[in-house]
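# Structural description and commentary
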6 protein chains.
Amino acid sequence: MSLRTDSVVAIYPGSFDPLTNGHLDLIHRGRRLVGKLIVSVLNNQAKHPLFTVEERMEMLREATADIDNVEVDSFDGLLTDYAVRRGAGVIMRGIRAISDYEYELQMALMNRRLRPNIETMFLLAGEGNSFLSSRMVKEVARLGGNVSGLVPAAVERRLAARFSAAGPESKV
Amino acid sequence: MSLRTDSVVAIYPGSFDPLTNGHLDLIHRGRRLVGKLIVSVLNNQAKHPLFTVEERMEMLREATADIDNVEVDSFDGLLTDYAVRRGAGVIMRGIRAISDYEYELQMALMNRRLRPNIETMFLLAGEGNSFLSSRMVKEVARLGGNVSGLVPAAVERRLAARFSAAGPESKV
Amino acid sequence: MSLRTDSVVAIYPGSFDPLTNGHLDLIHRGRRLVGKLIVSVLNNQAKHPLFTVEERMEMLREATADIDNVEVDSFDGLLTDYAVRRGAGVIMRGIRAISDYEYELQMALMNRRLRPNIETMFLLAGEGNSFLSSRMVKEVARLGGNVSGLVPAAVERRLAARFSAAGPESKV
Amino acid sequence: MSLRTDSVVAIYPGSFDPLTNGHLDLIHRGRRLVGKLIVSVLNNQAKHPLFTVEERMEMLREATADIDNVEVDSFDGLLTDYAVRRGAGVIMRGIRAISDYEYELQMALMNRRLRPNIETMFLLAGEGNSFLSSRMVKEVARLGGNVSGLVPAAVERRLAARFSAAGPESKV
Amino acid sequence: MSLRTDSVVAIYPGSFDPLTNGHLDLIHRGRRLVGKLIVSVLNNQAKHPLFTVEERMEMLREATADIDNVEVDSFDGLLTDYAVRRGAGVIMRGIRAISDYEYELQMALMNRRLRPNIETMFLLAGEGNSFLSSRMVKEVARLGGNVSGLVPAAVERRLAARFSAAGPESKV
Amino acid sequence: MSLRTDSVVAIYPGSFDPLTNGHLDLIHRGRRLVGKLIVSVLNNQAKHPLFTVEERMEMLREATADIDNVEVDSFDGLLTDYAVRRGAGVIMRGIRAISDYEYELQMALMNRRLRPNIETMFLLAGEGNSFLSSRMVKEVARLGGNVSGLVPAAVERRLAARFSAAGPESKV
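Residues numbered from 1 in each chain as written. Chains lettered and ligands numbered in written order. Predicted model: local features only at pLDDT ≥ 70, side-chain atom pairs only at ≥ 80, totals over all residues. Heavy atoms only, no water.

### Structural notes on the overall build of chain A
Put simply, the rule is: Secondary structure is summarised from DSSP: a helix means a run of H or I of at least four residues, a strand means a run of E of at least two, and numbering begins at the N terminus for each. Note on exposure labels: buried denotes an accessible area under 20% of the residue type's maximum, exposed denotes more than 50%, and partly exposed covers the range between, all computed with a 1.4 Å probe on protein chains only. We get accessible surface area from the Shrake-Rupley algorithm with a probe of 1.4 Å; when it comes to residues, only the shown protein chains can shield them.
Scanning chain A from N- to C-terminus turns up six helices and five strands. The order of helices and strands in chain A, counted from the N terminus, is β-α-β-α-β-α-β-α-β-α-α. The 172 residues of chain A split such that 57% are buried. For chain A, the accessible area works out to roughly 6,800 Å², and carbon and sulfur atoms hold 51% of it.

### What about the sheet that holds strand S2 (residues 36–42) of chain A?
Rules: Criterion used throughout: strands pair if DSSP finds at least two bridges between them. Interaxial angle, 0 to 180 degrees, is taken between N-to-C directions of lines fitted to C-alpha atoms, where a helix line uses only the stretch in contact. Contacts are residue-level and defined by heavy atoms, with any inter-residue pair within 4.5 Å sufficient.
The sheet built from ten strands is open, its strands ordered S3(A)-S2(A)-S1(A)-S4(A)-S5(A)-S5(B)-S4(B)-S1(B)-S2(B)-S3(B) with mixed pairing. What marks the edges here is a single partner per strand, and that holds for strand S3 (70–75) of chain A together with strand S3 (70–75) of chain B. Adjacent strand axes in the sheet meet at a mean angle of 35 degrees, parallel and antiparallel pairs treated alike. Where strand S5 (residues 119–124) of chain A and strand S5 (residues 119–124) of chain B come together, three bridges link them in antiparallel fashion. Note that in S5 of chain B the partner of Met-121 of chain A across the bridge is Leu-123 of chain B. Packed on one face of the sheet, helix H2 (residues 53–63) of chain B meets strand S2 (36–42) and S3 of chain B and runs near 150 degrees to S2 of chain B.

### A word on unusual backbone geometry
A negative phi angle is the norm for most residues apart from glycine, just as the trans form is the norm for most peptide bonds. Cis rather than trans, the peptide bond between Asp-17 of chain B and Pro-18 of chain B has omega equal to 5 degrees. As for its position among the elements, Pro-18 of chain B is in the loop between strand S1 (9–14) and helix H1 (21–30). Phi at His-48 of chain A takes a positive value of approximately 50 degrees, unusual for a residue other than glycine. With respect to the element layout, His-48 of chain A can be found in the loop between S2 and helix H2 (53–63). The exposed category is assigned to His-48 of chain A, whose relative accessible area is 69%.

### Remarks on the sheet that holds strand S2 (residues 36–42) of chain F
Taken together, the ten strands give an open sheet; going across it, the order is S3(E)-S2(E)-S1(E)-S4(E)-S5(E)-S5(F)-S4(F)-S1(F)-S2(F)-S3(F), and neighbouring strands pair in mixed fashion. Edge positions in the sheet fall to strand S3 (70–75) of chain E together with strand S3 (70–75) of chain F, since each of these pairs with one other strand and no more. The average angle at which neighbouring strand axes cross in this sheet is 35 degrees, direction not considered. Strands strand S1 (9–14), strand S2 (36–42), S3, strand S4 (90–95) and strand S5 (119–124) of chain E together with strand S5 (119–124) of chain F of the sheet are contacted by helix H1 (residues 21–30) of chain E, whose axis makes an angle of about 120 degrees with S5 of chain E.

### Considering the confidence of the model for chain A
All names here are of chain A. As a reminder, the rule being used: Confidence of the predictor at the level of single residues is given by pLDDT, which spans 0 to 100.
Per-residue pLDDT for chain A has a mean of 86; in total, 88% of the residues score no lower than 70. For the stretch residues 168–172, pLDDT sits under 50, and the model shows eleven contacts to residues farther than four places along the chain or on other chains. Reported confidence for the predicted complex is 0.85 by ipTM and 0.87 by pTM.

### Some words on helix H5 (residues 134–142) of chain F
Every buried residue of H5 of chain F is accounted for by Ser-134, Met-136, Val-137, Val-140, Ala-141 and Arg-142 of chain F. Two residues or fewer past H5 of chain F, Gly-144 of chain F is found with a positive phi of approximately 85 degrees.

### Some words on the environment of Gly-30 of chain F
All names here are of chain F. For Gly-30, the position within the fold is in helix H1 (residues 21–30). Residues Gly-30 and Ala-10 lie 20 residues apart in sequence; the distance between their C-alpha atoms is 8.9 Å. Excluding residues that lie within four positions of it along the chain, Gly-30 makes contacts with Leu-37, Met-92 and Leu-123.

### Focus: the pairing of S2 of chain B
All names here are of chain B. What counts, and what does not: Place the viewer so that the strands point away; then a crossover is right-handed whenever the path from the first strand over the helix to the second strand goes clockwise.
The buried count for S2 comes to five of seven residues, which makes it a mostly enclosed element. Here S1 pairs with S2 via six bridges, running parallel. The residue of S2 that forms the bridge with Tyr-12 is Val-39. At this point the chain moves from S1, through H1, to the parallel S2, and the crossover so formed is right-handed. Across six bridges, S2 lies against S3 in parallel orientation. Among the inter-strand pairings, Ile-38 is bridged to a residue of S3, identified as Glu-71. Since S2 and S3 lie parallel, the crossover through H2 that links them has a hand, and here it is right-handed.

### Comments concerning the side chain of Asn-111 of chain E
Residues and elements named next belong to chain E. As for its position among the elements, Asn-111 is in helix H4 (residues 98–114). Asn-111 gets classed as buried once you look at its relative accessible area, which sits at 9%. What Asn-111 contacts, discounting residues up to four positions off in sequence, is Leu-79, Thr-80 and Ile-91.

### Considering the pattern of salt bridges
Residue and element names in this part refer to chain E. Keep this limit in mind: A pairing counts as a salt bridge when a side-chain nitrogen of Lys or Arg comes within 4 Å of a carboxyl oxygen of Asp or Glu.
Under the definition given, this model contains 66 salt bridges over all chains. For the salt bridge of Lys-138 with Asp-17, the shortest nitrogen-to-oxygen distance reads 2.8 Å. One end of the pair, Lys-138, is in helix H5 (residues 134–142); the other, Asp-17, is in the loop between S1 and H1, with 121 residues separating them in the sequence. Accessibility expressed as a relative area gives 21% for Lys-138, which makes it partly exposed.

### Details of the environment of Tyr-12 of chain B
Residue and element names in this part refer to chain B. Positionally, Tyr-12 belongs in strand S1. You can call Tyr-12 buried: its relative accessible area is 5%. Along the sequence, Tyr-12 and Arg-142 sit 130 residues apart, while their C-alpha atoms lie 27 Å from each other. The contacts of Tyr-12, once residues within four sequence positions are left out, are His-23, Leu-26, Ile-27, Leu-37, Ile-38, Val-39, Ser-40 and Met-92.

Below, the structure written as C-alpha cells:
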C-alpha cells in the first residue's frame with residue numbers, strides 16, 4: 001500500500017489578533033497530522049484589528065520559528081480561492097464550545113459548496129484553553145488584567161506596550 | 001522541508017450497525033487526509049446489535065474494496081489502547097449536529113486524558129446525510145420504509161432480508 | 001385570489017403517555033391553523049408505556065371533546081406512510097428546548113426524505129409548560145408528588161389510581 | 001365538520017437583503033399551508049442594508065410573480081402591531097440551526113407576550129440550504145465568489161452589479 | 001458545627017440598561033442565599049448605553065429600597081479585581097437559555113483563571129422571564145410597544161420619557 | 001445590616017455511583033458558600049447501580065471526613081419533599097456542558113414548580129473535570145483503563161476490586 005498523504009497541505013486561517021496559547025497549541029498538534037501547515041492571517045481591516053497584519057505575522061513567526069513544517073502567510077479574499085492558489089486540500093480549524101461550532105459548521109458548509117474538494121478538519125481546543133479567545137485576551141489586557149499564561153511572552157509584551165501607550169482613558 | 005505525514009495512521013471507530021452512506025462518504029473523504037485509515041467495528045454485544053461484528057465487517061469490506069489505503073478491522077476494550085496497538089496517532093470521527101458534538105467532545109476529552117498523544121480529528125457529515133444514522137435507518141427499515149439511497153445496495157439487501165425474516169410482528 | 005388551505009389536514013403524533021397540559025395547549029393552538037388536526041397516538045409497545053393505546057386515546061378524547069376540528073386516532077408503522085393514508089400534508093410538533101429541537105430536526109429531515117411533500121410545522125411550547133414532559137409527569141406522580149395543573153384532571157385521577165394500585169414498593 | 005383555515009393569513013417577515021434560494025424555498029412550502037402568505041420586508045435602515053426596501057421588494061416580486069397566494073409588502077415598527085393591522089394570525093419563520101433557534105425562540109416568546117393570539121409557526125430550512133444566509137451570500141459576492149445556485153438569477157445579477165460598481169477596493 | 005456563610009458577600013454585575021423584572025426577580029431570590037448582595041452597574045460607555053450609570057443605579061435603588069441586604073454600586077475595570085476590592089467571594093449570574101449559558105460559561109472560566117478563589121454561582125431566570133432582556137425591552141419600547149409587566153413601573157416611565165423625547169424619527 | 005445566610009442549608013443530590021474528583025471539587029467549592037452542605041445519595045435501584053447506597057455513602061464519608069460543614073445522607077422519593085424534610089432551601093448542582101445544562105434546567109424548573117421557595121444554585125465543573133462522569137469512569141474502569149486522577153484513591157481501589165472480581169468476560 002502506498003502512503004499518499006505526504007503531500008497534504010493544510011491551511012489554518014484566522015485573525016490571530018493576537019496569537020494566543022490556544023492557537024499555538026493547535027498549531028503544534030495540527031502540524032503533526034499534515035505535510036505542511038500554512039498558518040495564514042486574514043487581512044480584515046474592516047474589523048479594526050488591534051495589530052496590523054505584519055505585526056500578527058511577526059508574532060506567529062516568532063512563536064513557530066522552531067517548527068519545520070509550519071509556514072506563516074496572510075490572505076484576503078475568499079479562503080477557498082486562497083487554498084486553491086496555495087495548493088492546499090485541507091482547512092484546519094479549532095473548536096472550543098457549541099457557539100464556536102455553529103459558526104464553524106456554517107463556514108465549513110459554505111466552503112464545501114464553493115470548493116467541494118477542499119476538506120475542513122476540526123481539532124478540539126485544549127481543555128485548559130477552552131475559555132481562551134483573542135477577543136477576551138484583549139479585553140483583559142485592556143482592563144489591566146494579567147494575561148501571562150494565556151499568550152506567548154512576546155505577545156504579552158506587545159499587549160502591554162499597546163495598552164500602556166493608550167493610557168488609562170482607553171479603559172472601558 | 002521533509003514531509004512527515006506519510007506515516008499518519010488513523011482509526012475510524014464505530015458500531016457500523018449497519019454501514020450507511022454517511023459513513024461511506026466520511027471514509028472516502030477521510031482516507032485522502034491520512035496514510036492509512038483503519039475502519040474498525042466496535043464489538044459491543046451489550047448493545048444487542050442487529051448484525052454481528054463479522055457481518056458488519058463484511059459490509060464494510062464490500063463497500064471499500066476499491067480503496068487502497070483503507071483497512072477494515074474490529075476491536076473491543078479501550079479505543080485508545082487499541083489505537084496504541086495499531087500504531088495509530090489519530091482517531092477520526094464524523095459530526096453531524098450539536099447533540100453529536102456534545103458526546104463526541106466528551107469522548108475525545110476522555111481519550112486525550114487516557115492517551116495525550118493521540119489526536120481526534122473531526123470531519124463534517126455531508127449535508128445530504130445530516131439526518132442519517134444507523135439507528136434511524138434500522139427504524140425505517142423495520143417499519144417497512146424505503147432506505148435506498150441511505151445505505152449501500154448490499155446493506156439494503158441485508159436489511160430487507162433481516163426484517164422480512166422477522167415478519168410483520170416485528171413492527172412496533 | 002382563492003384561499004386554498006381549507007383542506008389542510010395536519011397530524012399531531014406522539015406517545016401521549018399520558019396527555020399533559022403542554023400537549024393540550026398545543027392542540028388548542030395548532031387546530032386553529034389547519035382545517036383538521038388529527039391527534040394520533042403512537043402504538044409503541046416496545047417502550048413499555050404506562051397506559052394502553054386505548055386509555056391514551058380515551059384521555060385525549062375526553063380533553064378534546066369540545067373542539068370540532070380535532071380527531072383522535074392511533075397509528076403504528078412509519079409516520080409518513082400513515083400521513084399519506086390519512087391524506088395529511090402536515091405533521092405538527094411542539095418544541096420546548098434545544099435537546100428537543102435536535103431530535104425533532106433529525107426526525108423532520110428523515111420524514112422529508114421519505115415523503116418530500118409532507119411538511120413538518122413546529123409550534124413553541126407554552127412558556128409555562130417548557131419543563132413539562134410525560135416522562136417527568138410520570139416520575140413525579142410515581143414518587144407521590146402533586147401533578148395537578150400539569151395534566152388535565154381526568155389524567156391526574158388515572159395517574160393516582162395507577163400508582164396507588166401499585167403501592168409504595170413502586171417507589172424507586 | 002367545517003374547515004376553518006381558509007382565512008388563515010400568515011406573515012413571513014425578514015430583511016431579505018437580499019432574497020436567497022433558502023427564503024424562496026420557504027415561501028414555496030409555507031404558502032401551501034395558509035390561505036395567504038404576506039412576505040414582508042423589514043425597513044431596517046439602522047442596519048445599513050445593501051439594498052433599499054424597494055429593491056428588496058422588487059426582487060421578491062420578481063421571484064414570486066407566479067404564485068397566486070403570496071403578497072410582497074414592507075413594514076417598520078413592531079411586527080406584532082403590523083400583523084394586527086394586516087389581519088394576520090400567524091408569523092412564519094424558517095429555522096436552520098441551533099443558533100437560529102435560540103434567537104427565533106426569544107423573538108417568538110416576546111411576540112407571544114405582546115400579542116398572545118398571534119402564533120409563530122416554524123418550518124425547517126431545506127437541507128441543501130442550511131448554510132445559506134443573506135449575510136454569507138453578501139460576503140461571498142463581495143469577495144468575488146460565485147453565488148449562482150444560492151440566490152435567484154435576478155438577485156445574482158444585482159449583487160454582481162453592486163459589487164463590480166464598488167470596485168476591488170471594496171474587498172476587505 | 002459552626003455555620004460560616006454569614007460573611008458571604010456576592011456581586012451581581014450587569015449593564016442594567018435598564019433594570020428588568022427578570023433582574024429584579026433574580027435579586028430577590030439571590031439575596032436570600034448570601035449575607036450581602038452587591039448589585040453593581042458596569043460602566044460601559046463604549047456600548048453607548050441608553051441610560052447613564054447614575055440613572056441605572058437610581059432605578060436599581062428605587063426598586064430595591066425595601067431589601068435590607070442589597071447594596072447598589074457601580075464598577076469599571078476587571079470584575080474580578082472589583083470583587084477583591086469589595087471583599088466578595090461570589091459572582092452571581094442569571095441564566096436563561098443556551099446562548100446565555102455559552103457566554104456565561106466562558107466569562108466564568110476566565111474569571112476563575114484570573115481569581116481562582118472567586119466562585120460564580122448561577123441561578124435560573126424565572127420561567128415567565130425567559131425571553132426578557134434589556135436589549136429586547138429597549139427595542140420594544142423604541143417601537144412603541146407596551147413594556148408594562150416587563151420592567152418596574154418607574155423604569156417604564158423613564159423608557160416612555162426617553163423615547164417620546166426622541167420622537168417618531170427614532171423608529172427603525 | 002444583619003447577615004442572614006448563616007442558616008442556609010443546601011443539598012447536593014446525585015447518584016455518586018461512584019464519587020468522582022469532579023463531585024469532590026464541587027463539594028469543596030460549594031460548602032464554602034453555605035452554612036451546611038448535605039451531600040445526598042439517590043436510592044435509585046431501578047438504574048442498577050454498580051455500588052449500593054451504603055457503599056456510595058461510605059466513599060463520600062471517607063472523602064469528606066475532614067470537612068466540618070458537609071454531611072452525607074441518602075434519600076428516595078421526591079427531591080423537593082426531601083429538601084423540605086431536611087430544612088434545606090437550596091439545591092446545588094454542577095454543570096459541565098450543554099447537554100447537562102438542558103437536563104438540569106428541566107429538573108430545576110420542575111422542582112421550582114413543585115416547591116417555589118427552594119432555589120437551585122449551579123456551579124461550573126472545574127475545567128479539568130469537564131469530561132468526567134461516573135458513567136464514563138465506570139466504562140473506562142470496566143475496560144481496564146487507568147482511572148487514577150479521575151476518582152479518589154479509595155474509589156479507584158473499589159472499582160479495581162469490583163471489575164477484577166467480575167473477570168475479563170465482563171468486558172464489552
